[in-house]
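Summary of structural features
For reference, the chains in residue letters:
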Amino acid sequence: MKLIVAIVQDKDSNRLSTALVKENFRATKLASTGGFLRAGNTTFMIGVDDNQVEPLLTVIRNSCKVREQLVTPVTPMSGTTDSYLPLPVEVQVGGATVFVLPVDRFEHF
């Protein structure tokens, strides 16, 4: 048995949640916050048998797409801000960060 921890951008959360239900995967959904862009994320925790890992990863891969987004960098923490002009920068967002962890024991009450 494996525990899949998938961290996805909020914009992909509903699409992934719908796809998981459609493919009969049960998931626990947690709100989380990303460190890089300080944007909202959703963390899915999904327990599956070993033979279901690849089909689950396919569902995640098809539901969470990487895309380009313009963001304005935050103001520097040190120094003067008189000459600092934040210009929007294009970065890649979306997709999913997925961890596959072994599970020694699972209990459902």
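Quick note: structure is the one above.
Residues numbered from 1 in each chain as written. Predicted model: local features only at pLDDT ≥ 70, side-chain atom pairs only at ≥ 80, totals over all residues. Heavy atoms only, no water.

1. Points about the side chain of S63
Rules: Helix and strand definitions follow DSSP, with helices as H or I runs of at least four residues and strands as E runs of at least two, each counted in order from the N terminus. Accessible area is worked out with a 1.4 Å probe on protein chains only. A residue is then buried under 20% of its type maximum, exposed over 50%, and partly exposed in between. Here a polar contact means two N or O atoms within 3.5 Å. Within protein one must be a hydrogen donor candidate and the other an acceptor candidate, and residues neighboring in sequence count only if both atoms are side-chain atoms. Whether two residues touch is decided by their heavy atoms; if any such pair falls within 4.5 Å, the residues are in contact.
Structurally, the position occupied by S63 is in helix α2 (residues 53-63). Taking relative accessible area as the criterion, S63 reaches 4% and is therefore assigned buried. Among the polar contacts made by the side chain of S63, one reaches the main-chain carbonyl oxygen of V59 at a distance of 2.9 Å. Here S63 is in contact with D12, R15, L16 and A19, once residues within four sequence places are set aside.

2. Considering the environment of I46
Tracing the backbone shows I46 in strand β3 (residues 40-48). Along the primary structure I46 and A27 are separated by 19 residues, whereas in three dimensions their C-alpha atoms are 4.7 Å apart. Setting aside anything within four residues of it in sequence, one finds I46 in contact with K2, L3, I4, L20, R26, A27 and L56.

3. As for the sheet that holds strand β2 (residues 28-33)
Within a sheet, each strand pairs with its neighbour through backbone hydrogen bonds, oriented either parallel or antiparallel. Applicable threshold: For two strands to pair, DSSP has to find at least two bridges joining them. For helices, the axis comes from a line fit to the C-alpha atoms of the stretch in contact; other axes are also lines fit to C-alpha atoms, and the angle between any two N-to-C directions lies between 0 and 180 degrees.
The antiparallel open sheet is built from four strands, whose spatial order is β2-β3-β1-β6. Strands at the two margins of the open sheet, each flanked by one partner only, are β2 and β6 (96-102). Across this sheet, the average inter-strand angle for adjacent strands is 20°, counted without regard to direction. The pairing of strand β1 (residues 2-9) with β6 spans seven bridges and is antiparallel. Considered in β6, the bridge of I7 is made with T97. Contacting β1, β2 and β3, helix α1 (residues 10-22) runs over the sheet at an angle of about 25° to β3. Against the sheet, α2 contacts β1, β3 and β6, and its axis sits at roughly 5° relative to β1.

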